[in-house]
Every structure is written in structure tokens, then in C-alpha cells.
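The chain contents come next:
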Amino acid sequence: MHCVSSKYSVMMVSFCQGALLLSLAAAMAVYADMKVDCGPDFVTLMWTESRPQADTSLLRLGNCFPTSFSAGEAYFYVDLTDCNFRRLVTGDALVYSNDLTYVASADSYNLAFTHPVVCAYERPKDWYATIYDPVFKTYSLGDLQFNIGLMNDDFSGPAESTRFPLGSIIPIMASVVQETHQPLLLLLDECVAATTPELYPESTMYPIISNKGCLLESVSSRSKFEPRQKSSEIRLSLQTFTFAMGEEVFIHCKLLAWDPNGLDSTKKACHFVEGHGWELLDNLAQSNLCDCCESKCKSRRQRSVAAEKHGMVQKAVIGPFTITDVNS
């Protein structure tokens, strides 16, 4: 079943056996041709690249690597239940959306880019939404919807267990849905672990992220921010720590959706890399914004009302989960 082949110079809408494919224009894509087929429960995508220096192995559909690739071509054959496809029910339509991204290497002349891939189908009459997993929570603030939760090892879905042996990695992902808002960068401003779903003055807390986006746990463990798949999402690999062993643990975070062009020493995501020091997740060249992680990251002296319009803050809670002794 062949749907569409486009050079991305215009917005294109095509129907294919009840499926609707939307492809949006982008300046980077004048060098490439993309063909997408929306099957009943799968998607195939062929990307043909005319720039000889482009590395097609760096293309990702959601969190999936190409099924196969060669010089100038990358091919994906994936199920709609894989690769972090997002599912949305609108009226009589069942919509699956994802992003094709190019993750440029540090020494590459090609810039990273993202193209949306959307397939819409007539909603089956016997289809009903599944119950949302309790370890993944949603918060709404204005026209933004924040999500945060425990994930499985490859961040492709919710965690299958809430018990983590000491020394293992807890994958955490947060995102913000911004349908009508300007593009925003999602940051974890601060996170602390506690044994209660609410924080009280007398609560015993374990700091994880502090000082306006500094991942403290990365200094003495394998904890780190993972490379971004999209600006509206942030992934954290958190190594378990000796806190409230065997008890229920909750992580309390402050999520910050911010103007991508408004980063400073108080609006950032920094982690410590052995042998390199503190690094800025989103731009290594601006890692000097992380220098204050060893002292105090201060806000600007004067904070205008206009500055608040650059983003929104949302408090969120992850858990409960349990850190277990490896010998137990």
C-alpha cells in the first residue's frame, strides 16, 4: 500500500485506505524524499537523503532505530504500538502521531531536525481507551498538559515494576503537551525524594535535582539526563540511592516549561560528566551556565511580569516505588 512521496516544499494531505497522513514542510527537508504507508496496525517509512555527508543511521522514528539503512536511505517498519507513537481519540477518528528526528553527531555539519508523522483512522466502534497506568501521572495548567512517570528501560512505555534494586537505574520521563502554545523547552527545576505523597516541613527529604536544574546525583553516581528526543520532553536515568530502603518512596519535582531562547543559569538542565565536569544538556557550548552548580545559582535581581510569560511551572509527584536491597 503506497501513500505519499513528497519533497516537503508544501503541506500535503493524502488518504490511503482510510488512513490520513499529514506531512508538514521544513526547510531542511528539501534535500530528502519521504514515503510513508499507514497500514492497519503498522507504519512503513522510507527516507531518501541526497546529501552524501548525512548519516541515515542517526534517523529515529520516535525512539526506534531504522529497521535497515544504507548510504542515503533509511527504512522503518514498525507497529503502531511501538516507538512511542502517541494515540489520540478525536470524535470518530483514532489518530497516531510520532516524530521522525535526525540526531546530529557533535562533529556533523548537518543540523538536527524533526518531522511529524501522523496517521488517522476511522475509530472502531468497539474501541475503548485503556485504563491509564497509575505510575504515569498527568497535570494540567492553563493550556498545557504535563506528564511525568516511571518508564521501562528503553523509555518506550510505563515501568512494568515499581521495585528497583539498589544500584539499578530508574528511568523517568516528563513531557508537556502544548497544542496551542509557542514551542517550549521542558526542564526539571528541582526534584527531591520523600516517603510521603505530600511534602511537609518535618518531612525527611533526599535532594536529587537542586540549584535550578543541577542534577546533584550525577556527581557520585551513574545518574544523568538522556539526550533529548524533542524539546517538550526530558528523560532522566536515575541510579537508585540508599534512602528509605524497603519503604514507599515518592519523588516530588517542579517541572518548568520555558522559552527555549531564554536559558540562563536559573533555567537549565545540567549533569556532571566524569572527566568533563558540569555539562548543559541542550548545548555543550553553553555549559558555562552550569558553573554555578558548585555554588548558588541565583535569579536575576529584577524579575518583571513579562519574564514570567516565558514559561510555566508545575509541581508533580512520581511514585510510589520501592528501593530494595540487592541481597533481599
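Residues numbered from 1 in each chain as written. Predicted model: local features only at pLDDT ≥ 70, side-chain atom pairs only at ≥ 80, totals over all residues. Heavy atoms only, no water.

**Some remarks on the overall build of the chain**
Rule in force here: Helix and strand assignments follow DSSP, with helices taken as H or I runs no shorter than four residues and strands as E runs no shorter than two, numbered in order from the N terminus. Buried means the residue's accessible area, taken with a 1.4 Å probe over protein chains only, is under 20% of the maximum for its type, while exposed means over 50%, and partly exposed covers the values in between. We call two residues in contact when some of their heavy atoms are within 4.5 Å. For every accessible area listed, the method is Shrake-Rupley and the probe measures 1.4 Å; residues are considered covered only by the protein chains on display.
Along the backbone of the chain there are 1 helix and 24 strands. By residue count, 48% of the 328 residues in the chain fall in the buried class. In the chain, of all internal contacts separated by at least 6 residues, the share reaching a separation of at least 24 is 62%. Entry remark: accessible area of the chain is about 17200 Å², with carbon and sulfur atoms responsible for 53%.

**Section: unusual backbone geometry**
The omega torsion of the bond from Gly319 to Pro320 falls at 10 degrees, within 30 degrees of zero and hence cis. Note that Pro320 resides in strand 24 (residues 311-324). Phi is positive for Asn84, which is not a glycine, with a value near 65 degrees. On the secondary structure map, Asn84 appears in the loop between strand 8 (73-79) and strand 9 (86-90). Phi is positive for Asn211, close to 55 degrees, though the residue is something other than glycine.

**Observations regarding the nonpolar core**
The condition is simple: The criterion is simple. A nonpolar core is a set of buried Ala, Val, Leu, Ile, Met, Phe, Trp, Tyr and Cys residues joined through side-chain atoms within 4.5 Å.
Membership of the largest hydrophobic core comes to 43 residues, with the highest contact counts inside it found for Ile148, Ile172, Leu188, Ile208, Phe225, Ile251 and Leu255. Elements supplying a minimum of two residues to this core: strand 13 (144-150), strand 15 (169-177), strand 16 (185-194), strand 17 (206-210), strand 20 (233-239), strand 21 (248-258) and strand 24. Top contributing element to this core by residue count: strand 21, with 8 residues. When residues no more than four places from it in sequence are discounted, the contact partners of Leu188 are Ile209, Gly213, Phe225, Ile234, Leu236, Cys253, Lys254 and Leu255. Judged by nonpolar contacts, the second largest core, of 25 residues, contains Leu80, Phe85, Leu94 and Val117.

**Topic: the state of the cysteines**
In plain terms, the rule: The rule for a disulfide is simple: a pair of cysteine sulfur atoms within 2.5 Å.
Scanning all chains against the criterion turns up 6 disulfides. Here Cys292 is linked by a disulfide to Cys297, with a sulfur-sulfur distance of 2.0 Å. Across the S-S bond linking Cys292 and Cys297, the dihedral sits near 95 degrees, which makes this disulfide right-handed. Relative accessible area serves as the criterion here: at 3%, Cys297 is assigned to the buried category.

**Concerning the packing of aromatic side chains**
Filter applied, for reference: Aromatic rings from Phe, Tyr and Trp, taking only the six-membered ring of Trp, are treated as a pair when their centres fall within 6.5 Å; an angle between ring planes under 30 degrees marks them as stacked, one over 60 as edge-to-face, and anything in between as tilted. Lysine and arginine charges are scored as sitting over a ring when NZ or CZ, respectively, is within 6 Å of the ring centre and within 35 degrees of the ring normal.
Taken as a whole and judged by the stated rule, the model has 9 aromatic pairs. Ring plane angle 75 degrees and centroid distance 6.1 Å describe the contact between Tyr96 and Tyr121, whose orientation is recorded as edge-to-face. Of this pair, Tyr96 sits in strand 10 (residues 93-102) while Tyr121 is found in strand 11 (residues 113-122), placing the two residues 25 residues apart along the sequence. For Tyr96, a relative accessible area of 12% corresponds to the buried category. Here the basic side chain of Lys267 rests over the ring of Trp258, its NZ or CZ set 4.7 Å away from the ring centre.

**Regarding the pairing of strand 8**
Stated formally: Strands were regarded as paired on the criterion that DSSP finds at least two bridges between them.
On strand 8, burial follows the alternation: Ala74, Phe76 and Val78 on one face are buried, whereas Glu73, Tyr75, Tyr77 and Asp79 on the facing-out side are not. Bridge count between strand 5 (residues 42-49) and strand 8: 7 bridges; the pairing is antiparallel. What sits directly across from Val43, in strand 8, is Val78. Here 3 bridges tie strand 7 (residues 68-70) to strand 8, and the two strands are oriented antiparallel to one another.

**Section: the environment of Val103**
Looking at the secondary structure, you find Val103 in the loop between strand 10 and strand 11. Judged by its relative accessible area of 34%, Val103 falls in the partly exposed class. Considering only alpha carbons, one finds Val103 and Arg60, 43 residues apart in sequence, at a separation of 7.6 Å.

**Section: the pairing of strand 17**
Sheet topology note: the strand 16/strand 17 ladder contains 3 bridges and is antiparallel. Within the sheet, the bridge partner assigned to Val192 lies in strand 17 and is Pro207. As defined by bridge partners, strand 17 adjoins strand 18 (residues 214-215) across 2 bridges and the pair is classed as antiparallel. Each residue of the ladder has a partner; that of Ser210, found in strand 18, is Cys214.

**Looking at the confidence of the model for the chain**
The condition that has to hold: Confidence scores labelled pLDDT are given residue by residue by the predictor and lie between 0 and 100.
Counting all residues, the mean pLDDT for the chain is 79, and 76% of those residues have values of 70 or more. When mean pLDDT is taken per element in the chain, strand 18 scores highest with 97 and strand 2 (residues 12-16) scores lowest with 31. Considering only residues more than four positions removed or in separate chains, one finds that residues 128-134, a stretch of pLDDT under 50, has 5 contacts. Considering only residues more than four positions removed or in separate chains, one finds that residues 301-309, a stretch of pLDDT under 50, has 4 contacts.

**Brief notes about the pattern of salt bridges**
Put simply, the rule is: The rule for a salt bridge is simple: a side-chain nitrogen of Lys or Arg has to be within 4 Å of a carboxyl oxygen of Asp or Glu.
One pass over the structure, following the stated rule, counts 5 salt bridges. Between Asp189 and Lys254 there is a salt bridge, with its nearest N and O atoms 3.9 Å apart. Within this pair, whereas Asp189 is found in strand 16, its partner Lys254 is found in strand 21, the two being separated by 65 residues in sequence. Asp189 sits in the buried class, given a relative accessible area of 6%. Residue classification places Lys254 among the partly exposed positions, given a relative accessible area of 22%. Through salt bridges with shared partners, a single network forms among Arg86, Asp99 and Lys230.

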